[in-house]
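The lines below spell out each chain.
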Amino acid sequence: MTKRAFFNYENPRFSALRDPMRQTVRAFWAAMHYFAAIKEVVWGRYGMAYLSDAIHTLEHKQPERIDQFSALMRQQGLEIEYPGTPELNEPLASLDEVFRVCVELTDNIDRALQCFIQVADRKEGENGARPAELQGVFPGLARQAEQLQIDNSADRTRLLEAWSMWGNSPSISSFDKWVKSRYDLDDNGEADDD
């Protein structure tokens, strides 16, 4: 028997992971694409360079997180799949709408990861799991996916803080400067990781 003949989603040991894996990758993939589109709207329509850069940093976190998630699946000898995503179909008629969509993207990631965690970490009796089916339980994967969930939650918190600050009706320039400091962006729009 070859490695690929055993470590695949056709094997009942791993089959339950396939759909939640695809949902998770799709959520990260969509967030990357949508954050890219949103940052362009924020820059072009609202002229907010630093908010655009902050959203740009969110865009660039998603491929890293896909790589981290892919590494989790490789620990089990499994490949990940890259399902397609539709184009962003939101008018983004206000900055409130921009923030709403950004928060929804993080919520979508959270839901997908939670589903993956539940499947990887199911226990006897949960979702009708019987002892024989528990061969496909992967608590290590669940714990590592929880770290991705924690990181995503931190991004969501910063978005909510920014949305709340925008709700105080500051001028566009003062809000954009606040975003620069909150996201620790330098004058080139890059996050300062020092």
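The preceding data block contains the structure.
Computed from a predicted model, the values in this text were never measured in an experiment.

(A) Representation of unusual backbone geometry within the structure. Of note in this structure, L92 is not a glycine but carries a positive phi near 50°. Locating L92 in the fold gives a position in the loop between α3 (49–75) and α4 (95–120). Judged by relative accessible area, L92 falls into the buried class, the value being 2%. Of note in this structure, S169 is not a glycine but carries a positive phi near 60°. Position of S169 relative to the elements: it lies in the loop between α5 (139–166) and α6 (172–182).

(B) Quick look at the packing of aromatic side chains. Considering all chains together, one arrives at 10 aromatic pairs under this definition. On the basis of an interplanar angle of 20° and a centroid distance of 6.3 Å, the ring pair of F99 and W163 is categorised as stacked. Residue F99 is found in helix α4, and its partner W163 is found in helix α5; the two are separated by 64 residues along the sequence. The partly exposed category is assigned to W163, whose relative accessible area is 27%.

What counts, and at which threshold
Counting restarts for each chain: residues are numbered from 1 in the order of the written sequence. The model is predicted, so local features are restricted to residues of pLDDT at least 70 and side-chain atom pairs to those at 80 or more, both for listing and for counting; the totals for chains, interfaces and linings are taken over all residues. Water and hydrogen atoms play no part in the side-chain values, which are based on all heavy atoms of the structure. Numbered from the N terminus, helices here are DSSP runs of H or I no shorter than four residues, and strands are runs of E no shorter than two. Relative accessibility under 20% of the residue-type maximum defines a buried residue, over 50% an exposed one, and the middle range a partly exposed one, all with a 1.4 Å probe and only protein chains included. For this analysis, a ring pair means two rings from Phe, Tyr or Trp (six-membered ring only for Trp) whose centres lie within 6.5 Å, classed as stacked if their planes differ by under 30 degrees, edge-to-face if by over 60, and tilted for the remaining angles.

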